[in-house]
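Listed below, chain by chain, are the residues.
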Amino acid sequence: MRENDLILQTVSKVAVFIILTFGVYLFLAGHHHPGGGFIGGLTLSSAFVLLYLAFDVETINKGLPFDYKNVAALGVIIATLTGTGSLLFGSSFLSQTFAYFNLPIFGKTELATVMLFESGVALGVIGVVVTIIISISEDV
Amino acid sequence: MNNILVFPMIVPILAAMLLLFFRSNRSIQRWGSVGAMAAVFLISMWILQQVMRRGILRLDFGEWLPPFGITFVADIFAVLLVTVSSLVTVLCLVYAAFVKDEKRESFFLYPFSLLLAAGVNGSFLTGDLFNLFVCFEVMLLASYALMTLGGEKKQLTEGIKYMLINILSSWLFLLGIAYLYGTLGTLNMAHLSLRIAEAGQPPLLTTISILFLVVFSLKAGLVLYFWLPGSYSALPAAISALFAALLTKVGVYALFRTFTLLFYHEPSFTHTIIGYMAAATMIGGSIGALAHRDVRKIASYNVVIAIGFILVGLASYNEAGIQGSIYYLIHDIVIKGLLFLLVGTIVHLTGKSRFDEESGLIANYPLFGWLFFIMILSLGGIPPFSGFAGKLFIGEGAIGAGHYGLTAVAFLSSLFVLYSLLRVFLIMFWGESTIMSKNQVPLPIGTLAPLLALGILTTVLGLGMDVLSPYISEAADVLMNPDLYIKGALQNN
């Protein structure tokens, strides 16, 4: 039995981009304002979950052929390894640093190493949330 | 800056995550996890030497100084436990690698075991109460997965109880942390200790300490052990050995930390309660161990008795008692690993779990039978095995503190331990062999090897008491003198 979900699908196609953009914004804002890897990751994964709801699992898996368990594992590995990266510079585990760079378009920009760590957190959150939702949907 | 301290926690995490990518390659799963834990064992041996030479080591995460940042504090007590539990984890994983339970292996048996080890090591090393909660949760989440892995009916019914009771106790733990932060405004354990000492532990703080006592008693199985025998006996051998060797010991460790470092000002109240609880645990455990005919249940009740016994040392709260408890904790991690692996192997070999349904196993598996006998002697505290030193010191401590009744209960419970397992040995291993030698299930040398290693370990620990004793007395010294811990954990180094 297929429901008529034309409206949901059409809206999702637009909404997913808005959610993804907002997720990336939250992720980047997190250094000084509310946001960060965890919240950004949650928002990003909500976009994926919306796609899975509006379309069916097979279609989305064709477009996004990831094993989300591996995405989560990759995220944890990135987060842990960036934490140990500071050991190479003789600092404590999880130490961070930042510097200002003059980038072509953005002008003077603050780049912080904590961003690398947070990207690991975001990937971990996306992987876990989507894995949970997909496993629940398989049960029914 | 002692970055090495974080490795016992992150090496297993990294290894677990890498293993997720090799789900289908079983030999990488098996030997990768064994290799990772062996590395952790070597690292912790090295840390142990460092701590012995340089005193308490501390690592400030991200260079945030205590009491504001999160710290790992390695005193001898913590590092000894990390070392022994890593070694026992290695041996349990080797056992699992040879048993080849492919159904569970393909559902991430090894990554979950590694995460469990990471949580356990983190709990031992952390110097911050909230971080202790986090590491507990890492360990518990992994244990929930291991508990239900395989999806047998008995596992699921026991798993639900296990999860509910642990979620409840985690909630109480969080509540206790909130109360403590609300009253004292810090969660760094050394800093907490300072502030509690300044305040002189008024009744309000003593009340909060009782909340922690309840929480850690639930985790350790002190009096509140009703969830333990059912859930531990529903598990396959390697996982149950991991659980029995590590999980309850983390609760015991937390009890020792809180009641020697934080809430040590009212021993006539708190430590007396712990004494009564220890006695009740030993009595209840002994009754359980004698009442059951299922060997796995008997083994689980033996875990309970040992918890009570270890806490007699804390209840006496003197140098000898604490030393005895540390000896006995180390011994118990080794011997409970061995006991559960042996019991799991019996069930695997005979397909039966009641001890009166089988006899004469020693004719079929002579070495295995004698290992079981050595394990009983060690568990009963017969010299020269490793249980002896702990029993001796705990007894000395309890008598020194004037707890004569508690001493009597403790040593009677040892007799019950001996009796409950000797009964199993006499009936299952002696007598007429019921298995024809051509029908017997083969016992591969690979699965026997970790059992043998644990058997040798308990003997060596018993004989090598002289090598171990400087570490133990140093560890007990730090536990009995909170100032040493505070100095190590707060001073700039």
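Residues numbered from 1 in each chain as written. Chains lettered and ligands numbered in written order. Predicted model: local features only at pLDDT ≥ 70, side-chain atom pairs only at ≥ 80, totals over all residues.

Thoughts on the overall build of chain A
When helices and strands are tallied, chain A shows five helices and two strands. Counting from the amino terminus, helix and strand elements in chain A follow one another as α-α-α-α-β-β-α. Looking at the 140 residues of chain A, the share that counts as buried comes to 29%. Considering only residue pairs separated by 6 or more positions, chain A has 67% of its internal contacts joining residues 24 or more positions apart. (Helix = DSSP H or I, 4+ residues; strand = E, 2+ residues; numbered from the N terminus. Buried ≥ 20, exposed ≤ 12 C-beta atoms within 10 Å, placed from the backbone. Contact = placed C-beta atoms within 7 Å.)

Observations regarding the overall build of chain B
Along its length, chain B carries 21 helices and two strands. The C-alpha atoms of chain B give a radius of gyration of 21 Å, which matches the 23 Å a tight globule of 493 residues would have. Structurally, chain B occupies a C-alpha span of about 70 × 55 × 45 Å along its principal axes. Looking at chain B as a whole, 59% of its 493 residues qualify as buried. A sequence separation of at least 24 residues applies to 81% of the contacts in chain B between residues at least 6 apart. (Rg over C-alpha atoms; globule rule 2.2 N^0.38 Å.)

A few points about helix H17 (residues 387–400) of chain B
Residues and elements named next belong to chain B. Taking 1.5 Å per residue, 14 residues should reach 20 Å; H17 reaches 20 Å between its end C-alpha atoms and fits that length. Counting buried positions along H17 yields ten of 14 residues, so the element is predominantly enclosed. Listed in full, the buried residues belonging to H17 are Gly387, Phe388, Ala389, Gly390, Lys391, Phe393, Ile394, Gly395, Gly397 and Ala398. Buried-residue contacts for H17 involve helix H13 (295–316), helix H14 (319–350), helix H16 (366–380), helix H18 (404–429), helix H19 (445–463) and helix H20 (465–480). At the C-terminal side of H17, Gly402 shows a positive phi close to 80 degrees. (Expected span 1.5 Å × (residues − 1).)

Some points on unusual backbone geometry
The step from B:Pro66 to B:Pro67 runs through a cis peptide bond, and the omega angle for that step is 5 degrees. The residue B:Pro67 is located in the loop between strand E1 (57–60) and strand E2 (71–74) in this model. The backbone of A:Leu94 sits at a positive phi, close to 70 degrees, despite the residue not being glycine. Inspection of the secondary structure assignment puts A:Leu94 in the loop between helix H4 (68–88) and strand E1 (98–103). Positive phi values are uncommon outside glycine, yet B:Val223 reaches one of about 60 degrees. Along the polypeptide, B:Val223 turns up in the loop between helix H9 (203–220) and helix H10 (228–233). Assessed through the 22 C-beta atoms surrounding it within 10 Å, B:Val223 is described here as buried.

Considering the packing of helix H5 (residues 109–125) of chain B against helix H6 (residues 129–148) of chain B
Residues and elements named next belong to chain B. Following both chains from N to C, one finds H5 and H6 inclined at 155 degrees, their axes separated by 8 Å at the closest point. With respect to H6, the element H5 is oriented roughly antiparallel. For the crossing formed where H5 meets H6, the hand is left-handed. Here Phe112, Ser113, Leu115, Leu116, Ala118, Gly119, Val120, Gly122 and Ser123 of H5 lie close against H6, whose contacting residues are Leu132, Cys135, Phe136, Val138, Met139, Ala142, Ser143, Ala145 and Leu146. Taken together, the residues of the contact of H5 with H6 sort by class into 13 nonpolar, five polar and no charged. (Axes fitted to C-alpha atoms, helices over the stretch in contact; angles between N-to-C directions. Parallel < 35°, antiparallel > 145°, perpendicular 65-115°, else oblique. Left-handed = near helix turned anticlockwise from the far one by under 90°. Nonpolar A, V, L, I, M, F, W, Y, C, P; charged D, E, K, R; others polar.)

Looking at the pairing of E1(B)
Residue and element names in this part refer to chain B. Every second residue of E1 is oriented toward a common face, with Leu57 and Leu59 on one face and Arg58 and Asp60 on the other, all of them buried. One ladder, built from four bridges, connects E1 with E2; its direction is antiparallel. Each residue of the ladder has a partner; that of Leu57, found in E2, is Ala74. (Pairing = 2+ DSSP bridges.)

Side note on helix H2 (residues 37–54) of chain A
Taking 1.5 Å as the rise per residue, H2(A) with 18 residues should run 26 Å; its terminal C-alpha atoms sit 26 Å apart, in good agreement. Those residues of H2(A) lying buried are A:Gly37, A:Gly40, A:Gly41, A:Thr43, A:Leu44, A:Ser45, A:Phe48 and A:Leu51.

Examining the pairing of E1(A)
Residue and element names in this part refer to chain A. Among the six residues that make up E1, zero are buried, leaving the element largely open to the surroundings. Bridge count for E1 against strand E2 (residues 107–112) is six bridges, and the pairing is antiparallel. By the bridge assignment, Phe98 is partnered in E2 with Ala112.

Considering the confidence of the model for chain A
Residues with a pLDDT of 70 or more make up 96% of chain A, whose mean pLDDT is 88. At the low end of the mean pLDDT range in chain A sits E2(A), at 82; at the high end sits helix H1 (residues 6–29) of chain A, at 93. (pLDDT = per-residue confidence, 0-100.)

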